[in-house]
Amino acid sequence: MIMNVGQNLLVLIISLHLVAASVLVHGSTDEERKPYIVYMGESPEVHISAVDQHHNLLLSATGDEDLARESRIYSYEKSFNGFAAKLLPHEAKRLSVFESTRRKLHTTRSWDFLGMTETSKRNYKIESNIIVGLLDTGIYIQSPSFNAEGYGPAPARWKGKCQKGGNFTGCNNKVIGAKFFNLNNSKQPGELSPADEEGHGTHTSSTVAGVPVKGASVYGIGKGIVRGGVPSAQIAMYKVCRVMAALT
């Protein structure tokens, strides 16, 4: 949760769920310090000392210079502005913060979790006129999520193309467009095709507009009906990246 603390600082407190932290939590008392991560927004400007900011905030909570210095575990300055510190319950209260809540993952139930259930009121006339374009790792069109049964052809306004290549033999009335971009001048057959060899593009496109598929699971976990947020929409996939290349 985000709070305004002092000089319009956005502070997000997240308790560390580490083994060491769990030892402190079980049977803890008001006299035991627990580690927190304090998030204060984007990385600070170069001329601003993030460490001084963090120390001053801890000083306001502890009321003691040495204690503020000793309680700080680490300051984050590059990726974001924040710090880790060990706080007593009353010190966390002074900062108007509280521990985060552990949530259960909803693999096949993400849209239900967001309030978009299968029985939610839909406007199919509008939704069936949507074309979702994705820039990703390609698409595995043989997935049941892209079954074209009941779909009409691409709308007249559609000007895109379906590019074949490798093991990608063509589109259907669900996936109406597909194209690959050979950004690295690769000669690998798998990269000269809109087909998804990584799985990421297939995952994202099915999450957005996949048709309902019963009995889906991740290695037996989260069994249920997997479906996209707008299942009546059509899809155009542009293969522009590889997951492994992005990681390296």
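Coordinates for the structure precede this section.
Residues numbered from 1 in each chain as written. Predicted model: local features only at pLDDT ≥ 70, side-chain atom pairs only at ≥ 80, totals over all residues. Heavy atoms only, no water.

Peer 1: Can you explain the overall build of the protein chain? Please cite residues and give values.
Peer 2: Within the protein chain one finds 8 helices and 10 strands. For the protein chain, with 248 residues in total, the buried portion stands at 37%. If you sum the accessible surface of the protein chain, you get close to 15,700 Å²; carbon and sulfur atoms cover 56% of it. (Helix = DSSP H or I, 4+ residues; strand = E, 2+ residues; numbered from the N terminus. Buried < 20%, exposed > 50% of the residue type's maximum accessible area, 1.4 Å probe, protein only. Areas by Shrake-Rupley, 256 points an atom, 1.4 Å probe, with all protein chains shown as cover.)

Peer 1: Describe the nonpolar core, listing the residues and the values that go with them.
Peer 2: In terms of nonpolar packing, the biggest core is built from 13 residues, with Ile-139, Phe-168, Val-175 and Ile-235 touching the most fellow members. Secondary-structure elements contributing two or more residues to this core are β6 (131-136), β7 (175-180) and β10 (234-239). Once you skip the residues sitting within four places of it in the chain, Ile-235 turns out to touch Val-132, Leu-134, Ile-139, Phe-146, Lys-174, Val-175, Ile-176, Gly-177, Ser-205 and Ala-209. Core analysis: the next-biggest nonpolar cluster, separate from the first, contains 12 residues, Val-38, Leu-58, Ala-61 and Leu-95 among them. (Core = buried A, V, L, I, M, F, W, Y, C linked by side-chain atoms within 4.5 Å. Contact = heavy atoms within 4.5 Å.)

Peer 1: Tell me what's going on with the side chain of Asp-196, and back it up with residues and numbers.
Peer 2: Examined against the element boundaries, Asp-196 turns out to sit in the loop between β7 and α7 (200-209). Although Asp-196 is buried, it makes no salt bridge; Lys-239 carries the closest opposite charge, 6.4 Å away. A polar contact is formed between the side chain of Asp-196 and the side chain of Thr-202, at a distance of 2.7 Å. Non-local contacts of Asp-196, meaning those with residues more than four positions away in its chain, are made with Thr-137, Gly-138, Ile-139, Tyr-140, Gly-201 and Thr-202. (Lys, Arg positive; Asp, Glu negative; His and termini not counted. Salt bridge = Lys/Arg side-chain N within 4 Å of Asp/Glu carboxyl O. Polar contact = N/O pair within 3.5 Å; in protein donor to acceptor, adjacent residues only side chain to side chain.)

Peer 1: I'd like a description of the sheet that holds β6, backed by residues and values.
Peer 2: Strands sit in the order β6-β10-β7 across an open sheet of 3 strands; the sheet is parallel. Only two strands of the sheet have a single partner each, and these edge strands are β6 and β7. Going from strand to strand, the sheet's axes swing by 15° on average, the running direction of each strand aside. When β6 meets β10, the two strands line up parallel, connected through 6 bridges. Bridged to Ile-131 within β10 is Gln-234. (Pairing = 2+ DSSP bridges. Axes fitted to C-alpha atoms, helices over the stretch in contact; angles between N-to-C directions.)

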